[in-house]
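# Close look at the chain arrangement
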Amino acid sequence: MKVLYEDNHIIIVSKASGEIVQGDKTGDEPLSEMVKAYIKKVHDKPGNVFLGVVHRLDRPVSGVVVFAKTSKALARLNAMFRDGEVHKTYWAIVQGRPPMVEATVEGWLTRNEQQNKSYMHQREVRGAKHAVLEYKMIAATDRYSLLEVRLLTGRHHQIRCQLASLGCPIKGDLKYGAKRSNPDGSISLLARRVEFVHPVSKEPIVAESPIPQDNLWREITEKS
């Protein structure tokens, strides 16, 4: 865990792949508890530490996660995420090349709870949610492309599902059609940057996650 930004109301950290943001049935220690322990130790906080979870990243994804340190910030950040006032930028290493260098991908997603997987549809079907993202290719190697993705809606596995629908599954993402897994169980999707107006101070906040330390990430980002 790396702290990217912190003040009295907000803490923003960089999550490693494999970590869960909130507790689940696995019983593994979640990132939220690690952040609480950090706050308690660094700031010598007595008693229980308040920490509000305002969004999540899938377990195999790395990158920026925002937490609220006060109830005031939690309520306001929840509203900002819901209203699209928090701008998230992702980087994804995908197999092959997308059909266009830059495009908007729009469709309808349905979620299968048993499979923990989403499916893309070109028209509205029962239970589907509208999903829109923008991407542009910013670098490439012989086998992979690096895409910068802006989410315009926040749906279950949206980036993973919609990029796979273009014939470009994210590297390591077996669930959505990748040829092989990554050795560490990650998928090559990074929540690279988050931008928003601070809910209390009204100052602009920009936090950027470091690039994962593996050879392909280093090689492809050097070309960007």
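Here's a quick rundown of the structure. (Residues numbered from 1 in each chain as written. Predicted model: local features only at pLDDT ≥ 70, side-chain atom pairs only at ≥ 80, totals over all residues. Heavy atoms only, no water.)

### With respect to empty space enclosed by the protein
By the definition in use, this model includes one cavity of 30 Å³ or more. Space inside the largest cavity adds up to approximately 40 Å³. Lining the largest cavity, in full, are His 55, Leu 57, Val 64, Lys 88, Tyr 90, Ala 191, Arg 193 and Val 194. Those elements that place two or more of their residues in the lining of the largest cavity are strand E5 (87–95) and strand E10 (189–197). For the lining of the largest cavity, the element with the most residues is E10, which contributes three residues. Looking at the lining of the largest cavity residue by residue, the class counts come to five nonpolar, one polar and two charged. (1 Å grid on protein atoms, 1.4 Å probe; cavity = no way out; pocket = protein on both sides within 12 Å on 5 of 7 lines; lining within 4 Å. Points joined across faces, edges and corners; volume = space filled by probe spheres on them. Helix = DSSP H or I, 4+ residues; strand = E, 2+ residues; numbered from the N terminus. Nonpolar A, V, L, I, M, F, W, Y, C, P; charged D, E, K, R; others polar.)

### So, the pairing of strand E11 (residues 204–208)
Burial along E11 is one-sided: Ile 205 and Ala 207 are buried, while Pro 204, Val 206 and Glu 208, pointing the other way, are not. Bridging between E10 and E11 involves five bridges; their strand directions are antiparallel. Along E11, the bridge assignment pairs Val 194 with Ala 207. In this antiparallel pair of consecutive strands, E10 and E11, the connection spans six residues, and Lys 202 shows a positive phi of 70 degrees. (Buried < 20%, exposed > 50% of the residue type's maximum accessible area, 1.4 Å probe, protein only. Pairing = 2+ DSSP bridges.)

### Some thoughts on the nonpolar core
Core analysis: the biggest nonpolar cluster contains 35 residues, and Phe 67 and Ile 159 have the highest contact counts within it. Residues Ile 10, Leu 74, Phe 196 and Ala 207 belong to the second largest nonpolar core, which totals 16 residues. (Core = buried A, V, L, I, M, F, W, Y, C linked by side-chain atoms within 4.5 Å.)

### A look at the environment of Ser 32
For Ser 32, the position within the fold is in helix H1 (residues 31–42). In the structure, Ser 32 is positioned 12 residues away from Ile 20 in sequence and 8.4 Å away in space, judged by C-alpha atoms. If we ignore the near neighbours within four places in the chain, the residues touching Ser 32 are Val 21, Gln 22, Leu 51, Val 53 and Phe 67. (Contact = heavy atoms within 4.5 Å.)

### Examining the pattern of salt bridges
Scanning all chains against the criterion turns up 12 salt bridges. In this structure, Glu 113 and Arg 111 form a salt bridge, with 3.8 Å as the shortest nitrogen-oxygen distance. Close ionic contact of Arg 193 with Glu 208 constitutes a salt bridge, the shortest N to O distance being 3.0 Å. One end of the pair, Arg 193, is in strand E10; the other, Glu 208, is in strand E11, and 15 residues separate them in sequence. Judged by its relative accessible area of 40%, Glu 208 falls in the partly exposed class. Connected through salt bridges with shared partners, the residues Lys 136, Glu 148, Arg 192, Arg 193, Glu 195 and Glu 208 form a single ionic network. (Salt bridge = Lys/Arg side-chain N within 4 Å of Asp/Glu carboxyl O.)

### Concerning the environment of Val 101
Topologically, Val 101 is positioned in the loop between E5 and strand E6 (102–112). Separated by 113 residues in the primary sequence, Val 101 and Asp 214 have C-alpha atoms spaced 25 Å apart. The residues touching Val 101, leaving out its near neighbours within four places in the chain, are Tyr 135, Lys 136 and Met 137.

### A look at the layout of surface pockets
Each pocket or cavity is described by its volume, and for the largest pocket that value is around 1400 Å³. Lining the largest pocket are 37 residues, with Arg 56, Leu 57, Asp 58, His 156 and His 157 sitting closest to its centre. Within the residue set of the lining of the largest pocket, elements represented by two or more residues are helix H2 (71–82), E5 and helix H3 (158–165). The residue makeup of the lining of the largest pocket, split by class, is 13 nonpolar, 13 polar and 11 charged. Quantified by volume, the second largest pocket comes out at close to 430 Å³. The wall of the second largest pocket is formed by 25 residues, among which Ser 17, Ser 62, Pro 212, Gln 213 and Asp 214 lie closest to the centre. For the lining of the second largest pocket, the residue count by class is 12 nonpolar, eight polar and five charged.

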